[in-house]
Amino acid sequence: MAAAGTETLPSTSQRRPGRRRQPLVTRLAKHGGPYLLILPSLVVIGVIMAWPLYKLFVLAFQKFGLPQILNMSHPKAGKAPEWVGFHNFSEAFHDPQFWDTLQRTVIFTAVNVGATLVIGTAIAVLMMRVAKPIRLIMTAVLIFVWAMPQLVALTIWNWLFDQEFGVVNYVLTKLHFGHFLHHSWYAEPWQGFMVVTFVVVWGAIPFIAITMHAALTQVPEELVEAARVDGASPLQVFRNVMLPILRPILVILTSLSIIWDFQVFTQVYILRDNRPEPWYYLVSIFSFVTSFKAHDYGYGSALSIITLLIMAFVSIFYIRQLIKISEDQ
Amino acid sequence: MSAITVRGQRRAGNSVRSKKAGGVKSKHGGLVANVIGILIIVLMVFPVYWAVATSFKRGIDMNKITPEWFPVPGTLQHYVSAWKKEFFLSSLKNSAIVVSVVVVVSIAVAFFAAVAVARSRFRGRRAYIAIIIGIQMIPQTALIIPLFVMLSNWHQQNQLLGLSVTYMAVILPFCVWTLRGFIANIPPDLEAAAMIDGCTRTGAFMRVTFPLVAPGLIATSIFAFIQAWNEFVFAYIIMQNNNKWTASVWLASFITQQQIDWGGLMAGATMLAIPIVILFMMVQRFVATGLTAGAVKG
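Residues numbered from 1 in each chain as written. Chains lettered and ligands numbered in written order. Predicted model: local features only at pLDDT ≥ 70, side-chain atom pairs only at ≥ 80, totals over all residues.

This part covers the overall build of chain A. When its secondary structure is counted, chain A shows 16 helices and 2 strands. Over its C-alpha trace chain A gives a radius of gyration of 27 Å, far above what one expects of a compact globule, namely 20 Å for 329 residues. Projecting the C-alpha coordinates of chain A onto the three principal axes gives extents of approximately 85 × 65 × 30 Å. The buried share of chain A, taken over its 329 residues, is 41%. Across chain A, contacts joining residues at least 24 apart in sequence account for 61% of those joining residues at least 6 apart. (Helix = DSSP H or I, 4+ residues; strand = E, 2+ residues; numbered from the N terminus. Rg over C-alpha atoms; globule rule 2.2 N^0.38 Å. Buried ≥ 20, exposed ≤ 12 C-beta atoms within 10 Å, placed from the backbone. Contact = placed C-beta atoms within 7 Å.)

Put into structure tokens, the structure is as follows:
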């Protein structure tokens with residue numbers, strides 16, 4: 001269009017003879033060299049991530065425990081790190097606890113991602129349909145939740161679900177859902193994970209709901225109106241008109257949610273008072289405990305790398321989709 | 001093509017205020033929707049309310065079998081003691097420095113990268129995108145110790161610079177990706193058109209492209225701001241000197257092995273949340289359109 005514009009406006013082009021001017025941003029991208037533009041970001045990421053990442057890979061192929069740590073500061077004491085090839089990885093594959101933990105993590109991620117997206121989207125749709133003051137309050141509340149430091153939020157949740165003084169137990173009992181006074185939510189793992197899920201989803205909803213609401217406001221009114229005139233039910237309008245338009249943003253939100261939920265660590269760790277029992281292990285916690293409690297840094301690193309590879313594998317589809325989105329535009 | 005996209009942009013800007021966008025039937029919405037909306041507000045806000053209410057409660061009203069729902073009679077004592085607690089002002093200053101540096105530098109760096117990814121098809125572009133997305137998948141807990149060792153070797157432990165650069169590395173990928181969407185949504189033709197109409201190159205950029213990217217820059221900055229302001233784990237590991245604490249590490253000092261100072265913790269948290277909430281409220285309009293502009297085409 002611009003090219004056509006230039007040609008159809010001879011008077012303006014004549015006023016500026018010589019080489020055709022290109023927009024600044026485009027010029028920067030083409031002539032300044034895109035490599036120059038991405039360089040600073042690569043430097044920052046490289047400086048901080050490269051060595052730790054390299055170290056992580058090295059450790060995964062070593063036997064590295066307390067003697068090796070001692071050896072680092074006192075070369076005569078302890079033992080030097082020993083290369084063990086894929087031993088740490090094969091240890092993981094023969095470790096029933098690893099498979100249990102992995103299965104738990106996959107289920108946990110699926111439940112949390114599903115719940116976050118469904119509830120977040122539902123809230124976003126709801127925000128389109130409530131009176132303006134209520135919408136404003138909803139937005140404000142979402143922002144409050146988002147702005148709350150994770151540490152504080154988790155401490156509060158721990159308190160609300162407390163066995164003795166927990167408000168949740170009090171309210172559930174008062175509402176006649178059963179006898180919940182002195183109920184311990186962590187005695188049964190599935191109940192414990194219900195609490196964790198509740199807390200994770202609560203914390204993740206603001207980002208999803210605010211983003212989805214913003215996306216919904218960009219769905220052209222005419223399309224929705226046309227579908228409605230043609231007799232589509234609200235559900236059909238959502239499925240057949242809105243969903244296709246929202247798909248790119250949904251893909252991004254889903255992939256981000258998977259990445260975040262597969263790595264959930266702090267929530268379980270703090271809700272379990274910094275001492276999670278083995279049946280509350282997710283892969284991140286398993287790897288952390290293996291490294292820093294059992295001091296088997298080699299095995300812990302191997303577990304981290306397996307986590308990383310699984311996530312990369314799961315997200316290949318999303319990464320491809322993201323690259324495709326970026327190429328369509 | 002360009003016209004459609006421009007209209008989409010404009011719509012995005014207006015629709016946050018307009019009541020008609022996106023299929024809202026009536027001005028006040030349905031009764032059921034409003035009731036559910038209020039219910040969700042109550043459920044979502046309760047922990048936040050509980051934190052703020054606790055910050056005003058007297059010590060004897062806090063841990064009760066029958067909860068005290070309202071902080072009456074209240075006290076401001078926790079705010080006074082939180083304000084007077086050691087290292088409050090220094091940690092606030094440290095946080096302010098780190099957050100400003102992180103936000104300004106990340107956004108600038110991310111903007112350059114986003115321009116490259118959005119506007120040119122260079123060799124290695126896909127690899128770069130894969131790095132940007134892949135970097136977010138690395139379990140952070142696994143990197144903490146080697147990172148700590150590395151920063152110590154470089155004498156960057158307990159240094160604001162070391163922490164700031166760490167935050168940038170964590171935040172950059174998201175910023176690049178979000179900004180890419182904004183820039184991709186602005187047709188290059190617009191700038192060309194402005195230049196045909198007599199703008200200089202810089203003028204065209206400042207008058208046409210920049211205002212259109214501005215919501216994106218604001219939305220991304222807010223995200224970076226919240227991340228850096230609330231981040232705890234890296235700060236806790238890297239900033240171990242008391243006078244180098246950031247605000248979130250300072251908050252954690254209310255929680256000790258022996259006990260939790262509920263009133264102080266909640267008063268401190270409330271004070272620290274205020275800047276974020278005010279900032280967010282001020283730019284909420286941009287954030288709403290901002291976060292999605294890249295993904296949903298107008």
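Our next topic: the overall build of chain B. Assigned secondary structure in chain B consists of 12 helices and 0 strands. Each helix (α) and strand (β) of chain B, taken in turn from the N terminus, gives the series α-α-α-α-α-α-α-α-α-α-α-α. Evaluated residue by residue, chain B yields a buried proportion of 49% over its 298 residues. A separation of at least 24 residues holds for 77% of the contacts in chain B among residues at least 6 apart in sequence.

Time to look at the interface of chain A and chain B. Contacts between the two partners involve 96 residues from chain A and, on the opposite side, 104 residues from chain B. Of the residues forming the side of chain A that touches chain B, the biggest block, 16 residues, is contributed by helix 4 (residues 34-60) of chain A. Residues of the side of chain A that touches chain B, tallied by class, amount to 69 nonpolar, 21 polar and 6 charged. (Nonpolar A, V, L, I, M, F, W, Y, C, P; charged D, E, K, R; others polar.)

A few words on the environment of Leu172 of chain B. Inspection of the secondary structure puts Leu172 of chain B in helix 7 (residues 160-185). Looking at Leu172 of chain B, the number of C-beta atoms within 10 Å reads 27, which means it is buried. For the pair formed by Leu172 of chain B and Val102 of chain B, sequence separation is 70 residues and the distance between their alpha carbons is 9.5 Å. Apart from residues no more than four positions distant in its own chain, Leu172 of chain B is found in contact with Ser41, Val44 and Ile45 of chain A together with Ser106, Val109 and Ala110 of chain B.

Attention shifts here to helix 2 (residues 31-56) of chain B. Count 3.6 residues to each turn of an α-helix, and residues three or four apart come out pointing the same way. In a regular helix each residue adds 1.5 Å, so 26 residues correspond to 38 Å; helix 2 of chain B covers 35 Å between its end C-alpha atoms and thus fits that length. Looking at helix 2 of chain B, one finds that the buried residues are Ala33, Gly37, Ile40, Met44, Pro47, Val48, Ala51, Ala53, Thr54, Ser55 and Phe56 of chain B. (Expected span 1.5 Å × (residues − 1).)

Residue and element names in this part refer to chain B. The geometry of helix 4 (residues 88-119) relative to helix 7 is characterised by a closest axis approach of 6 Å and an angle of 40 degrees between their N-to-C directions. Considering the relative orientation of helix 4 and helix 7, their crossing is right-handed. Taken together, the residues of the contact of helix 4 with helix 7 break down into 25 nonpolar, 3 polar and 2 charged. (Axes fitted to C-alpha atoms, helices over the stretch in contact; angles between N-to-C directions. Left-handed = near helix turned anticlockwise from the far one by under 90°.)

Now for the nonpolar core. With 173 residues, the main nonpolar core has Ala110, Ala113, Ala114, Ile171, Leu172, Val176 and Ala228 of chain B as its most contacted residues. Here this core gets 16 residues from one element, more than from any other, and that element is helix 7 of chain B. Ignoring any residue separated from it by four or fewer positions in sequence, one finds Val176 of chain B in contact with Ser41 of chain A together with Ala110, Ala113, Ala114, Val117 and Ile132 of chain B. (Core = buried A, V, L, I, M, F, W, Y, C linked by C-beta atoms within 7 Å.)

When you line up the elements, Gln258 of chain B lands in the loop between helix 11 (247-252) and helix 12 (262-293). Through-space distance from the C-alpha of Gln258 of chain B to that of Ala169 of chain B is 35 Å; in sequence the pair is 89 residues apart.

Turning to helix 6 (residues 140-153) of chain B, a few remarks are in order. Residues and elements named next belong to chain B. Between the first and last C-alpha of helix 6 there are 20 Å, a value that for 14 residues agrees with the 20 Å anticipated at 1.5 Å per step. Roughly 30 degrees is the biggest bend found in helix 6, and it falls at Pro146. Taken residue by residue, helix 6 has Thr141, Ala142, Leu143, Ile144, Pro146, Leu147, Met150 and Leu151 as its buried positions. (Bend = angle between axes of the 7 residues up to and from the residue.)

Moving on, we get to the packing of helix 7 of chain B against helix 9 (residues 201-230) of chain B. All names here are of chain B. Two elements in contact, helix 7 and helix 9, have axes whose closest approach is 10 Å; the angle formed by their N-to-C orientations is 160 degrees. Classified by the interaxial angle, the pair formed by helix 7 and helix 9 is roughly antiparallel. In terms of crossing hand, the pair formed by helix 7 and helix 9 is right-handed. On the side of helix 7, the interface is formed by Tyr167, Ile171, Phe174, Cys175, Thr178, Leu179, Phe182 and Ile183, while helix 9 contributes Val213, Gly216, Ala219, Thr220, Phe223, Ala224, Gln227 and Ala228. For the contact of helix 7 with helix 9, the class distribution of residues is 12 nonpolar, 4 polar and no charged. (Parallel < 35°, antiparallel > 145°, perpendicular 65-115°, else oblique.)

To continue, consider unusual backbone geometry. A cis amide bond, omega -5 degrees, links Val72 of chain B with the succeeding residue Pro73 of chain B. On the secondary structure map, Pro73 of chain B appears in the loop between helix 2 and helix 3 (77-84). The backbone of His182 of chain A shows a phi angle near 65 degrees, a positive value even though the residue is not glycine. Position of His182 of chain A among the secondary structure elements: in the loop between helix 10 (167-174) and helix 11 (189-217). Since 11 C-beta atoms lie within 10 Å of it, His182 of chain A is described here as exposed. Its identity as a non-glycine residue notwithstanding, Asn158 of chain B has a phi of 65 degrees, on the positive side. In this structure, Asn158 of chain B sits in the loop between helix 6 and helix 7.

With that out of the way, let us pick up the confidence of the model for chain B. Residue and element names in this part refer to chain B. Of all residues in chain B, 85% attain a pLDDT of 70 or more, and the chain-wide mean is 80. Taking the mean pLDDT of every element in chain B, the minimum, 39, falls on helix 1 (residues 2-15) and the maximum, 92, on helix 4. In this model, residues 294-298 is a region of pLDDT below 50 whose contacts with residues beyond four sequence positions or in other chains number 26 contacts. Both confidence scores are given for the complex: pTM 0.81, ipTM 0.79. (pLDDT = per-residue confidence, 0-100.)

Mapped onto the elements of the fold, Thr200 of chain B is located in the loop between helix 8 (188-196) and helix 9. Through-space distance from the C-alpha of Thr200 of chain B to that of Gly30 of chain B is 52 Å; in sequence the pair is 170 residues apart.

All names here are of chain A. Looking at chain A, pLDDT values average 83 and 91% of them are 70 or higher. Helix 7 (residues 96-129) holds the highest mean pLDDT among the elements of chain A, 94, whereas helix 1 (residues 2-8) holds the lowest, 40. Predicted confidence for residues 1-18 stays below pLDDT 50, and this span has 12 contacts to residues more than four positions away or in other chains.

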